[in-house]
Amino acid sequence: MATTTRTVTYEEWLNMPVVEDAIEEVVNGEVRIMPPNKWKHAVIVENLARALASQVNALEVLVVITQFGLIISKRPLTSRVPDLAMFVKNKIVEQDGYIHSAPELIAEVLSPANTRAERAEKLRDYEALGVPEVWVLSPEARTIEVLQLHGGTLSTKQVVTQGQLSPQRFPGVAVEVSSIWPD
């Protein structure tokens, strides 16, 4: 992963050129450029998004898989790009073209290149923002780890390999786990 050697402020970052064909996150002011996701990763995210979006009122709930900046903090600047974020539309806070509010659900698909430290760092950021639920999908193990926020801490509630899974904030939505994985 290529990174810059100096940190940037929120204001400097707003004026930086957009990085094409890559994913840009900023962690504690350090810009991190990552390659685009691989095909299998993209298909898993698309399958999950389709399953979730088909069961909610599109006028009230937004399931986002397009790359966007989710601001965790301005000082030091931390901005993440979740694989999938599910928002209640009237709770979205947008400023300077970026989102400054917690989604109701974030899903992250692991890749072989992800380290435990990177995963823990990202989960701490989502925890700090107050994201109530995070699903961590492992294509290798075909599992979904469900983490929920209680008392300001994200902790594992279950690891699912089959059956149906419902987001905590959307109890009427049920995703068939087997439908997420590519054939």
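Summary of the structure given here. (Residues numbered from 1 in each chain as written. Predicted model: local features only at pLDDT ≥ 70, side-chain atom pairs only at ≥ 80, totals over all residues. Heavy atoms only, no water.)

1. Overview of the overall build of the protein
At step 1: A tally of regular secondary structure across the protein gives three helices and 15 strands.
At step 2: Expected size for 183 residues packed as a compact globule is a radius of gyration near 16 Å; at 16 Å, the protein falls within 12% of this value.
At step 3: Counting only C-alpha atoms and orienting by the principal axes, one finds that the protein spans roughly 45 × 35 × 30 Å.
At step 4: Counting the 183 residues in the protein, one finds 44% classified as buried.
At step 5: Look at the contacts in the protein between residues 6 or more apart in sequence, and 54% of them connect residues 24 or more apart.
At step 6: In the form shown here, the protein has an accessible surface area of approximately 9,800 Å², with 51% of it arising from carbon and sulfur atoms.
At step 7: Averaged over its 17 positive side-chain charges, the protein has a centre that lies 4 Å from the centre of its 23 negative ones. (Helix = DSSP H or I, 4+ residues; strand = E, 2+ residues; numbered from the N terminus. Rg over C-alpha atoms; globule rule 2.2 N^0.38 Å. Buried < 20%, exposed > 50% of the residue type's maximum accessible area, 1.4 Å probe, protein only. Contact = heavy atoms within 4.5 Å. Areas by Shrake-Rupley, 256 points an atom, 1.4 Å probe, with all protein chains shown as cover. Lys, Arg positive; Asp, Glu negative; His and termini not counted. Charge placed at Lys NZ, Arg CZ, Asp CG, Glu CD.)

2. Comments concerning the environment of Leu-84
At step 1: The residue Leu-84 is located in strand β7 (residues 84-88) in this model.
At step 2: You can call Leu-84 buried: its relative accessible area is 1%.
At step 3: Spatially, the C-alpha atoms of Leu-84 and Ala-58 are 16 Å apart, while their sequence positions differ by 26 residues.
At step 4: When near neighbours in sequence (up to four residues on either side) are disregarded, Leu-84 contacts Val-45, Leu-48, Ala-49, Leu-52, Val-63, Val-64, Ile-65, Leu-105, Ile-106 and Ala-107.

3. Side note on the pairing of strand β5 (residues 70-74)
At step 1: Where β5 lies against strand β6 (residues 77-80), four bridges are found, and the strand directions are antiparallel. Bridge pairing in β6 links Ile-71 to Ser-79.
At step 2: Linkage of β5 to β6, two consecutive antiparallel strands, is achieved through a turn of two residues. (Pairing = 2+ DSSP bridges.)

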